[in-house]
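Structure assessment
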Amino acid sequence: MARKVQFVETVLRDANQSLIATRLPYEKFEPMLSTIDKAGYYAAECWGGATFDVCLRYLNEDPWERLRKIRKAMPNTKLQMLLRGQNVLGYSHYPDDFVKLFVKKAVENGMDVIRIFDALNDVKNLKVAMEATVNAGAIASGTISYTTSPVHTHAKYVEMVKELKEMGATTICIKDMAGIMGPQEAYDMVSAIKDAVDLPIDLHTHSTTGLAFMTYLKAVEAGVDIIDTAISPFSGGTSQPATETMAYALRQLGYEVDLDDECTTKMSDYFKGVRDEFVKDGTLMPKSMATDTQCLTYQVPGGMLSNLLSQLKQMNALDKFEEALAETPKVRADMGYPPLVTPTSQMVGVQAVRNVLDGQRYKTVSKEIKAYCRGEYGTTPAPIDAEIQKQILGDEQPLTGRYADSLAPVVEATREKLGDLAKSDEDVLSYIAFPNLAEKFLEERKAKEENVVTYTITEA
Ligand code: CO
């Protein structure tokens, strides 16, 4: 019998985030939810990542309400979210009580699969979220942030996968956020992991460099079980490869694909219209849809290149671009080869620019780099250059344990502080994650409700 390959549809989260800065409001995709639900996906990635932040910041949506509505409209398909380990949906580490309650509530509100990653691949930062996911009865997808460096060997990745399995991972995800994994590398890495554990493997990549279709194909040959794709109008460029194209090619090669073509055609027709609206208003830029091979040459993710350029432009120092570009991998090496993903990519990029503009390395250091050297982000893949670490920290001793162990619980105190402004634990969680945004949202909701009450009384 033909081997089955399953699909995760990313249009609601990663494709939305990568192409249009997560600006898709609920009403824009609501008409397609029942179709996605019937299409036969392994899961629909629809929450987490930047969706939470953007719902509150730009769309005036309660992210929890969005999740409940998606759940109701899609009773048959697993819902999937992306969670940044101890960072949850933010950019720094949270106390454990917040991480646990957040995961519990995400599952209660309808989440089935939680994909959990850490920017440094430090499993200490994944443990609490993984356990909470298992305890809540959801699928914990233990994730590797993929990168290349002298210390990122297959043996190291396999070791990490075994630890993830021990923590209760139901599936393993290889997350190639920069789209730099080539087909042979995919074949070798998937084979190595398949040899080591008997868990389903999901490969996640981006079309940025144009490698993705080839990479998926070789990963499937090596036995990958699940691939992440986006419906064609929201595919390509910084997003994922197209769902329909992958399904077509895999069927031709004799693999079993459960997708319903009528459903994907309907989705494609619909999302074409949505995409065109975002092209028209300038949210979707042509360069996001294009293939960009620069990151293969420079080994620096595409997003970092544009950040470097805009930083130098602001400082009137565009002539230093080549120098800053050359400095970037050196800073990364000094910092112990972190995978370049939020927030490490920003930290390394900013430091490289500083080093070049100051004409002296590590003369000025951001507070994030200092915290990083102190160990607040976790254990680095290789040790930080000892001399540089000493120069940055002075007499301060770096942490050896888990940073979150030093953080005081936050949930109960926040609940008390918010009083009746928070109607639920979900409100409390939104506030802890994004205090300013959530406060504004909760105040406005309260004002609206009070207006409704006045109106009712007048009528009566
Ligand atoms: Co992604």
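Residues numbered from 1 in each chain as written. Predicted model: local features only at pLDDT ≥ 70, side-chain atom pairs only at ≥ 80, totals over all residues. Heavy atoms only, no water.

**Quick word on the pairing of strand β6 (residues 171–175)**
Counted residue by residue, β6 has 5 buried out of 5 residues, so it is predominantly covered. Across 5 bridges, the pairing between strand β5 (residues 139–145) and β6 is parallel. Counted as the bridge partner of Ile-144 is Ile-174 from β6. A crossover links β5 with its parallel partner β6, the connecting element being helix α8 (residues 154–166), and its sense is right-handed. (Buried < 20%, exposed > 50% of the residue type's maximum accessible area, 1.4 Å probe, protein only. Helix = DSSP H or I, 4+ residues; strand = E, 2+ residues; numbered from the N terminus. Pairing = 2+ DSSP bridges. Right-handed = clockwise from strand over helix to strand, strands pointing away.)

**Digging into the pairing of strand β1 (residues 6–9)**
The sheet contact formed by β1 and strand β8 (residues 226–229) spans 4 bridges and is parallel. When the sheet's bridge partners are listed, Glu-9 is paired in β8 with Thr-229. Pairing of β1 with strand β2 (residues 43–48), which is carried by 2 bridges, proceeds in the parallel orientation. Looking across to β2, one finds that Val-8 is bridged to Ala-43.

**Quick word on the pattern of salt bridges**
Going through the model one piece at a time under the given rule, you end up with 33 salt bridges. Among the ionic pairs, Arg-361 bridges to Glu-327, the shortest N-O distance being 2.9 Å. Here Glu-327 lies in helix α16 (residues 321–334) and Arg-361 lies in the loop between α17 (344–358) and α18 (367–374), a separation of 34 residues in the sequence. Of the residues examined, Arg-361 reaches a relative accessible area of 33% and is grouped as partly exposed. One connected set of salt bridges, linked through shared partners, spans Arg-13, Asp-14, Glu-45, Arg-115, Asp-202 and Asp-228. (Salt bridge = Lys/Arg side-chain N within 4 Å of Asp/Glu carboxyl O.)

**What about the packing of aromatic side chains?**
For any pair of aromatic rings, the description consists of the separation of the ring centres together with the inter-plane angle of the planes. This structure, assessed with the given rule, holds 14 aromatic pairs. Ring centres of Trp-47 and Phe-52 lie 5.6 Å apart, and the angle between their planes is 80°; this geometry places the pair in the edge-to-face category. Given a relative accessible area of 0%, Trp-47 falls into the buried group. Since its relative accessible area comes to 0%, Phe-52 is described here as buried. Consider the rings of Phe-52 and Trp-64, whose centres lie 5.7 Å apart with planes at 85°: the pair is edge-to-face. (Phe/Tyr/Trp six-rings, centres within 6.5 Å; stacked < 30°, edge-to-face > 60°.)

**Notes on the coordination of the cobalt ion**
The coordination sphere of the cobalt ion, as far as protein atoms go, consists of Asp-14 (OD), His-204 (NE2) and His-206 (NE2), spread over 2.1 Å. Written as a sequence motif, the donor residues of the cobalt ion are D-x189-H-x1-H. For the pair His-204 and His-206, a shared accessibility class is recorded, and that class is buried. (Donors = N, O, S within 2.8 Å, 3.2 Å for Na, K, Ca; no water.)

**A word on α18**
Inspection of α18 places Ile-369, Ala-371, Tyr-372 and Cys-373 among the buried residues, and these make up the whole buried set. Buried residues along α18 sit against α17 and α19 (386–393). Downstream of α18 by a residue or two, Gly-375 has a phi angle that is positive, lying close to 95°. (Contact = heavy atoms within 4.5 Å.)

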